[in-house]
Structure formats: C-alpha cells, structure tokens
Amino acid sequence: MRSSRPKPLHRLCGRPMILHVLDALAELPVQKVVVVVGHRADWVTKTLVDHAPHSLLIEFVEQSAQLGTGDALAVGLTALPDGLVDADGDVVVLPGDTPLVRPPTLAALVRHHRNTGAAATLLTALLPDPTGYDRVLRDKEGAVVRVVEDAEVDDVHAQVEEIATAIHCIRHAVLAPALRRLRPVGRTGEHSLTGIYAVLHDAGYGVESYVVADPMEAAGVNDRAQLAVAEAELRDRINERWMRRGVTMWDPERTYVDAGTRLAPDVVLLPGVVLQGECVVAAGAELGPDCHLVDTVVGPGAKVTKSTGARAEVGAEARVGPFAVLGPGAQVPDGAHVAPFTRLGADTPLAD
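Everything numeric in this text was worked out from a predicted model, so none of it was measured.

1. What to know about helix α1 (residues 17-26)
- α1 sits mainly inside the fold: eight of its ten residues count as buried.
- When we look at burial in α1, the residues that qualify are Met17, Ile18, Leu19, His20, Val21, Leu22, Ala24 and Leu25.

Structure (structure tokens):
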C-alpha cells in the first residue's frame, strides 16, 4: 500500500477493511475469533478492541516473523480451544484484506464443507481471465488435487479458469499435522497455506472447493487501485440497501454514504451528498445537492442545501444553507433557518 498505516486498517466507506471482515463473521455462529497480527500489531489490536463487533470473542496472537500464510495459521492455532479437536470442529480462515465477503457466502462454504465430509474446503471463483491468480487443479473425477501458485502456472495450467481465493474451511483435527508437512516455497522460503490441499489429498483425505457466485466477494486489496475498486463495490451495496429500505437517491453514483451512517425511511439524498462517519438522518429530511456532513445528526423534515457540517445537530424542520458551515458543536434549533454563507460553531450564535 506504500503507507505507514497497516494494510488491514485502510478504510473502506469509513471503516477499516478488517472490520468489514469481522462484521461478516459477527453474523455467523462462530465460537471464537483469533486475529493474527504482525506489522504495527499494537495499532491493529487497539483498533479492533475499540471498534470490532462486541458479539465476537477475539484473541490476538502475534506472528513475529513473516513466514507466510501457513505459518500465520500455525501461530493462530495456538489460541484455539483444544476442545475443537474432540468436537470435530472446523476452522474458517479469512485474510484481513478481503472486505467484500458476505456472511451468506461464508455460511454456504461451511455448509458445503460439512455436507461433503471434506477435510478442507477452499472458496474458489471462476474467471474468464485468471491471469495473476493461483489455479485449482482437479483429477478426472473432478476432485480437487492441489492448488498451483501463480508463479508456477505453465501452459497447461494457464487454461484453468477456477482460481483459488484466500478463504478456507478446514477440519481442526487435521490442521496441525498438515501444516507441519508444508514445504517452503519461493526464494523467501514462506509456507503458503494453499499447499495444504496437496498435502491432505496425498494423505487420502477428501478436499473440496466451493465456487462463489460473485467473484468480487473474494477480491483482495493489495494496493490503492484495488482499494478504490473495493470502495466502489461496497458503496454500491450500501446505497442499494438504503434505497430498498425507503431512502430516495436521485443519483446513487454521486451519493456517498459511509458504513456507520443511519438513514430513516423517506430521507431524500440529492446528487453530490457525502455522509461520513456516524451521521444520523431522520425521516423526511432532504440533503443536497452537494452536502458534506461528518458525524452529524439531522432531524425529521430538515433540509440542508449545499452546506457542510461536522459533529453538528440540525433540528426538525430546520433549513440550512446554501453555503452554510456547521462546525463542531453547532446546534440548529427546530424550525430555525440558517442563512446562506453563515458559519456556526460551538461559540458562534445562530444570528448575526
């Protein structure tokens, strides 16, 4: 990412992308979540302690040396309860940089894994152009045999359209022995988790794949360009969800609503509206065009036109703007009118 900020903490729709992954897990009946941290571990840990879903029981373990995804999972296993082995429990492995995965997809992956009795199940996707991705190899009967790393793809593998994601469901009882049999790959000597499928297959275990319907769900974020693509996808989802709940958006492509914002039915958002942070907009309010609000509360029936606000409150049926600025602490009473080019803040009166 060419940034001092750890990659999982880069924001999508106002929320660090690893929190989008944890939000998806929070909707499923998981027993425990283990987060493996490395670079800037203190920053990542504090962010999750402060903002992760309260329903999740999270424990942190540190991968002191960056020795690959297989090593990261081996480190993470130390924090899982031993009872999972006796209970024949399953471990779902998720990277912190796949913020678009949906809860129903994770549930379907686990369900397929258990219904087939597989030792390991890989989430895969079908791409017409799989260039740059690891490929899934199957035998003549269609069973998964192994995953070929992108760097090892030759002319034979290049025609395979099924690509491996970084999302797995693996039986806990087979994990530790299989991880010990992973061999270092590449010049860095890292242990890649994708090698576990060949290890388990060669040991006689059944391994499966589950093909995700929408490949975007498994898209990883490795640079700023991919971050922008993921942001656009997530914003489309957010806008569609609010419109189906009764919010009017004149132009969804020019409407930006963060994940933490809450909108009531009959809210109207005109083009150029940007709602950042934890804005709350009550029923019947109309915002825009060209409004930028951050952590601001807008009351029922209020109208804010071509104005900005940060940590402010607008009362019911109030009128703001155009070209008004509501600074931190500004409070517009019910029914009040804020004239054009007015600036309000904690110590600024409503009227000149």
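2. Some words on unusual backbone geometry
- In this structure, Pro289 follows Gly288 across a cis peptide bond, with omega equal to 0°.
- Structurally, Pro289 is set in the loop between β17 (286-287) and β18 (292-294).
- For the bond from Gly321 to Pro322, the omega torsion is 10°, close enough to zero to count as cis.
- For Pro322, the position within the fold is in the loop between β23 (319-320) and β24 (325-326).
- Of note, Arg40 is a non-glycine position whose phi angle comes to about 55°, a positive value.

3. A look at the sheet that holds strand β13 (residues 262-263)
- The parallel open sheet is built from five strands, whose spatial order is β13-β16-β19-β22-β25. Unpaired on one side and paired on the other, β13 and β25 (331-332) mark the two borders of the sheet.
- By the bridge criterion, two bridges tie β13 to strand β16 (residues 280-281) in an arrangement that is parallel. By the bridge assignment for β16, Arg262 is matched with Val280.

4. Thoughts on the pairing of strand β7 (residues 135-138)
- One ladder, built from four bridges, connects β7 with strand β8 (residues 144-148); its direction is antiparallel. When the bridges of β8 are listed, Leu137 appears paired with Arg146.
- Between β7 and the antiparallel strand that follows it, β8, lie five residues; Gly142 among them carries a positive phi value of about 90°.

Reading the values: the criteria
- Each chain has its residues counted from 1, following the order in which its sequence is written.
- Since the coordinates come from a predicted model, pLDDT governs what is reported: local features require at least 70, and pairs of side-chain atoms require 80 or more to be given and counted, while whole-chain, interface and lining totals use all residues.
- Side-chain measures here rest on the full set of heavy atoms in the structure, leaving out hydrogens and waters.
- Each residue is assigned to one of three classes by its accessible area relative to the maximum for its type, calculated with a 1.4 Å probe on protein chains only: buried under 20%, partly exposed between the two thresholds, exposed over 50%.
- For helices the rule is a DSSP run of H or I covering at least 4 residues; for strands it is a run of E covering at least 2, with both sets numbered from the N terminus onward.
- Strand pairing is assigned whenever DSSP detects at least two bridges linking the two strands.

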